[in-house]
Amino acid sequence: MKNYLILFGLLFSIFIIPSDVLAAGEDLYIPYYNKVEDFDVLSGEGETLKNILYENSSVEKVEGDKCILIYKEQYSSLYHLICSPTLNYLTLTYNSTNNNFFFSISDSNTRYYRFNSEYFLTFSSSGYSLSFSNNSFENLFLYSDVNFRFNTNAIDNIFFYDINDSSKIYGQFNTTDLYTYKDFYLTEPNKEVVVFQDNDIHNISKLILGNNIPEEYSFVYTISDYLIVLIFVGIIISPIAIIIKVLRW
């Protein structure tokens, strides 16, 4: 009887294994928020603004320039223009520790300009870096002459979902293709897709092991989740086993 009880416990544990762990290491689901929804970027409003700022008398013009225009309220400025003749593409790197994306441009030809709401230049320098808010992807791009690619570790596909409704997937990206800034202006799909969320068991593992284990060793979380589940199953089964043992006496 004891062996059957143990077997039942192991089978029962399968149904409460964290589903998000089974999906880990293959796909990444992250909230998406369009910060520039007031701009009609797809109709060229972002490009028009980029041209206005680039033609500003205070901006250095270099032959073959490629520019990126970002909207972000920062340092009393709204518009951030990054230009360089040697830009090929921009890499958006995923930081698994902070659950966010970031990019950095630091080649010697890069020039960075900030403008206020009246299009007046407020600051200029060389190089530029940006970190998106934690636990979400903020679309800040009004225009870009260069394409984008994603750099992740042990992740095949990236899914952006509505920050207000995690069941709605707005876009799918991978780490092998290049994308334009217009690809970040996502449209709602015809059907809803359920997004895996960390459950209480997985959160316990993160609390015990910490949240800074490298992505290539994420299987440690999976092992921890299984052990915690088995401990819970053992706690549930123990009273039943004691009752059966007492009845047999």
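Residues numbered from 1 in each chain as written. Predicted model: local features only at pLDDT ≥ 70, side-chain atom pairs only at ≥ 80, totals over all residues. Heavy atoms only, no water.

1. Considering the pattern of salt bridges
Considering all chains together, one arrives at three salt bridges under this definition. D145 is the partner of K50 in a salt bridge, and the nearest nitrogen-oxygen pair spans 3.6 Å. Linking K50 in helix α3 (residues 45-54) with D145 in the loop between β10 (141-144) and β11 (147-151), this pair joins segments that are 95 residues apart in sequence. Judged by its relative accessible area of 31%, D145 falls in the partly exposed class. Where E60 meets R111, a salt bridge forms, and the shortest distance between an N and an O atom there is 3.8 Å. Pair noted here: E60 is in the loop between α3 and β2 (66-74) and R111 is in strand β6 (residues 111-115), with a separation of 51 residues, a long-range link. Taking the relative accessible area as the measure of exposure, E60 reaches 46% and is therefore partly exposed. The exposure class assigned to R111 is buried, which follows from its relative accessible area of 10%. (Salt bridge = Lys/Arg side-chain N within 4 Å of Asp/Glu carboxyl O. Helix = DSSP H or I, 4+ residues; strand = E, 2+ residues; numbered from the N terminus. Buried < 20%, exposed > 50% of the residue type's maximum accessible area, 1.4 Å probe, protein only.)

2. Some thoughts on the packing of aromatic side chains
Summed over the entire model, instances satisfying the criterion amount to 24 aromatic pairs. With centroids separated by 5.5 Å and ring planes inclined at 55 degrees, the aromatic side chains of F137 and F184 adopt a geometry described as tilted. Of this pair, F137 sits in strand β9 (residues 137-139) while F184 sits in the loop between β13 (169-174) and α4 (200-209), and the two are 47 residues apart along the sequence. Here F137 falls in the buried class, since its relative accessible area comes to 0%. With relative accessibility at 0%, the residue F184 sits in the buried group. Ring pairing ties together the aromatic residues Y32, Y94, F101, F103, F137, F141, F148, F150, F160, F173, Y179 and F184, which thus form one cluster. Across from the ring centre of Y54, 5.6 Å away, lies the NZ or CZ of K50, which sits over that ring. (Phe/Tyr/Trp six-rings, centres within 6.5 Å; stacked < 30°, edge-to-face > 60°. Lys NZ or Arg CZ within 6 Å of the ring centre and 35° of its normal.)

3. Quick notes on the pairing of β11
Burial along β11 is one-sided: the residues F148 and F150 are buried and none of N147, R149 and N151 is. For strand β4 (residues 89-95) and β11, the ladder comprises five bridges, and the chain directions are parallel. Following the sheet pairing, T93 is matched in β11 by N151. (Pairing = 2+ DSSP bridges.)

4. Focus on the confidence of the model for the protein
Here the protein shows a mean pLDDT of 77. Residues at 70 or above account for 73%. Across residues 16-25 the pLDDT falls below 50, and counting only partners more than four positions away or on other chains, this stretch makes 24 contacts in the model. Predicted confidence is poor over residues 190-196, with pLDDT under 50, and the contacts of this stretch with residues over four places away or in other chains come to 15 contacts. (pLDDT = per-residue confidence, 0-100. Contact = heavy atoms within 4.5 Å.)

5. Observations regarding the sheet that holds strand β5 (residues 100-105)
Pairing between the strands of a sheet comes from backbone hydrogen bonds, and it takes one of two forms, parallel or antiparallel. Taken together, four strands build an open sheet; the order of strands is β8-β5-β4-β11 and the sheet is mixed. At either margin of the open sheet sits one strand with a lone partner, and together these are β8 (128-131) and β11. The sheet shows a mean angle of 20 degrees between the axes of neighbouring strands, taken without regard to direction. (Axes fitted to C-alpha atoms, helices over the stretch in contact; angles between N-to-C directions.)

6. Some thoughts on the sheet that holds strand β1 (residues 27-34)
Taken in spatial order, the four strands make up an open sheet running β9-β1-β12-β13, and their pairing is mixed. Both outer strands of the open sheet, β9 and β13, are each paired with one neighbouring strand and no more. Taken pair by pair, the neighbouring strands of this sheet meet at an average axis angle of 30 degrees, ignoring direction. Sheet analysis places strand β12 (residues 157-162) next to β13, joined by five bridges and oriented antiparallel. Following the sheet pairing, F160 is matched in β13 by G171.

7. What about the environment of D145?
In this structure, the C-alpha to C-alpha distance between D145 and D65, residues 80 residues apart in sequence, is 8.8 Å. Among residues more than four places away in sequence, those in contact with D145 are K50, D65, K66 and C67. One polar contact links D145 to Y143, side chain to side chain, over a distance of 2.4 Å. (Polar contact = N/O pair within 3.5 Å; in protein donor to acceptor, adjacent residues only side chain to side chain.)

8. Digging into a nonpolar patch on the surface
There is a patch of nonpolar side chains on the surface, built from I204, L207, I208, L209, I231, F232 and I235 and spanning about 680 Å² of accessible area. Counting residues per element, the ones that place at least two in the nonpolar patch are α4 and α5 (219-248). Sort the elements by how many residues they give to the nonpolar patch and α4 lands first, with four residues. (Patch = residues over 30% accessible without salt bridge, like charges linked within 9 Å, V, L, I, M, F, W, Y side chains within 5 Å. Areas by Shrake-Rupley, 256 points an atom, 1.4 Å probe, with all protein chains shown as cover.)

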